[in-house]
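One letter stands for each residue in the lines below.
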Amino acid sequence: MTADDATTTDNSVTLGTLMTEAVAALRDAGIENARMDARILLSDAAGVDGSRIAAWPEDTVTMDKAKTFRSMVARRLKHEPVSRILGQRDFWRHSFRLSPETLDPRPDSETIVELALDWLEDANAPTVLDFGTGTGCLLLSIIGDLQKASGLGIDISEGAVTCARENANRLGLADQVEFRVSDWDSAITDAERKAGFDLIVSNPPYITQADMEKLSPEVRQYDPRLALTDEGDGLGAYRILSQVAFSLVKPAGFVIFEIGQGQEKDVSRLLVEAGFVGIEYREDLGGIVRCVAAKKTRCSVGRCVI
Ligand code: GLN
């Protein structure tokens, strides 16, 4: 078959035909990056390399694979993100499974991993605690890049904890991490409190209730609401977290919280009120302050802004 007769037969259809049909439908529905999304989905459904789709549009796939692809496109037309349709998302150096109970990891959150690794690179067997672990992307990315590190991931959602455990198993990190269902620190043991943690991270729900309406359908309809908003002013989680983290971090330890755009002053204030010092900000690739870090006692790491 050649590019000129790129048509559907009874048993097969060309990559080019499938692409044309999907791109037109996605564009009509106002989906940005229609071509890229269609190529990623077709690559997965047909089991072919993305580059092959553009280079060899006359190649055919079976009707079964075409059906799989068309049902993926139908989901995308309802604004389901590509990562949710594929069931996984690349983050840092790994690929993470998603579940309906987990947030879809964002590239911006890699800022937290970067800062954690900068500060922990020389630490001896550091312990890391992650509140609201979701897929486990923050904890597993940090632990996976450090020698002899271990971690505890907490989430109030049982589905998220199941997903995080699966990710730990797939990445070969299950021996170094534990995941627990817990409302904030209620499932932290006395022994763990006594020992403390070297680093506490969290990417808590920080979107205000008012801003929820402004989110794209991809986020509003598909990320769990519990992971996005505190149903208030967006600072509710930090009010609890800053107090809880201060009581759980080791004297020489530190915390890193992801924040929403413009929340750095409010979150810094809450951290200082809880007793933290040495506040530091780090920007994401878009130049937005994406996380606030703080230490329990003034120490050598980092550069302090307060
Ligand atoms: N820690 C997870 C992430 O960064 C989940 C965060 C959340 O659910 N708010 O993706």
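A quick note: this is a predicted structure, and the numbers were derived from the prediction, not measured.

Criteria and thresholds
- Residues numbered from 1 in each chain as written.
- Predicted model: local features only at pLDDT ≥ 70, side-chain atom pairs only at ≥ 80, totals over all residues.
- Heavy atoms only, no water.
- Helix = DSSP H or I, 4+ residues; strand = E, 2+ residues; numbered from the N terminus.
- Buried < 20%, exposed > 50% of the residue type's maximum accessible area, 1.4 Å probe, protein only.
- Areas by Shrake-Rupley, 256 points an atom, 1.4 Å probe, with all protein chains shown as cover.
- Lys, Arg positive; Asp, Glu negative; His and termini not counted.
- Charge placed at Lys NZ, Arg CZ, Asp CG, Glu CD.
- Phe/Tyr/Trp six-rings, centres within 6.5 Å; stacked < 30°, edge-to-face > 60°.
- Lys NZ or Arg CZ within 6 Å of the ring centre and 35° of its normal.
- Pairing = 2+ DSSP bridges.
- Axes fitted to C-alpha atoms, helices over the stretch in contact; angles between N-to-C directions.
- Contact = heavy atoms within 4.5 Å.

> Outline the overall build of the protein chain, listing residues and values.
A tally of helices and strands in the protein chain yields 14 helices and 11 strands. Referenced to the eigenvectors of the C-alpha coordinate spread, the extents of the protein chain come out at roughly 70 × 40 × 35 Å. Within the protein chain, buried positions represent 50% of all 306 residues. Accessible surface, the protein chain as shown: approximately 14400 Å² in total, 50% of it carbon and sulfur. Both charge centroids of the protein chain, one from 34 positive and one from 48 negative side chains, sit 2 Å from each other.

> Tell me about the packing of aromatic side chains, residues and numbers included.
Inspection of the entire model under this criterion finds 5 aromatic pairs. Ring geometry for Phe91 versus Phe96: centroids 6.1 Å apart, planes at 75 degrees, classification edge-to-face. Accessibility expressed as a relative area gives 0% for Phe96, which makes it buried. Geometry around Phe246 places Lys296 over its ring, the cationic atom sitting 4.7 Å from the centre.

> Quick rundown of the sheet that holds strand S7 (residues 177-181)? Include the residues and the values.
The 7 strands are arranged S7-S6-S5-S8-S9-S11-S10 in an open sheet whose pairing can be described as mixed. Each edge of the open sheet carries a strand with a single partner, namely S7 and strand S10 (277-283). Averaged over all adjacent pairs, the angle separating strand axes in this sheet is 15 degrees, with direction ignored. For strand S5 (residues 127-131) and strand S8 (residues 197-202), the ladder comprises 4 bridges, and the chain directions are parallel. From the neighbouring strand, Asp130 faces S8, where its bridge partner is Val201. Strands in contact with helix H13 (residues 236-248) are S5, S8 and strand S9 (249-258); relative to S9, the strand with the most contacts, it is inclined by about 155 degrees.

> So what's going on with the side chain of Asp37? Which residues, and what values?
Tracing the backbone through its elements, the reader meets Asp37 in helix H2 (residues 34-46). Overall, the relative accessible area of 7% leaves Asp37 in the buried class. With residues up to four places along the chain from it excluded, the contact list for Asp37 reads Ile31, Glu32, Arg76 and Val82.

Any functional reading would require information that these geometric values do not contain.
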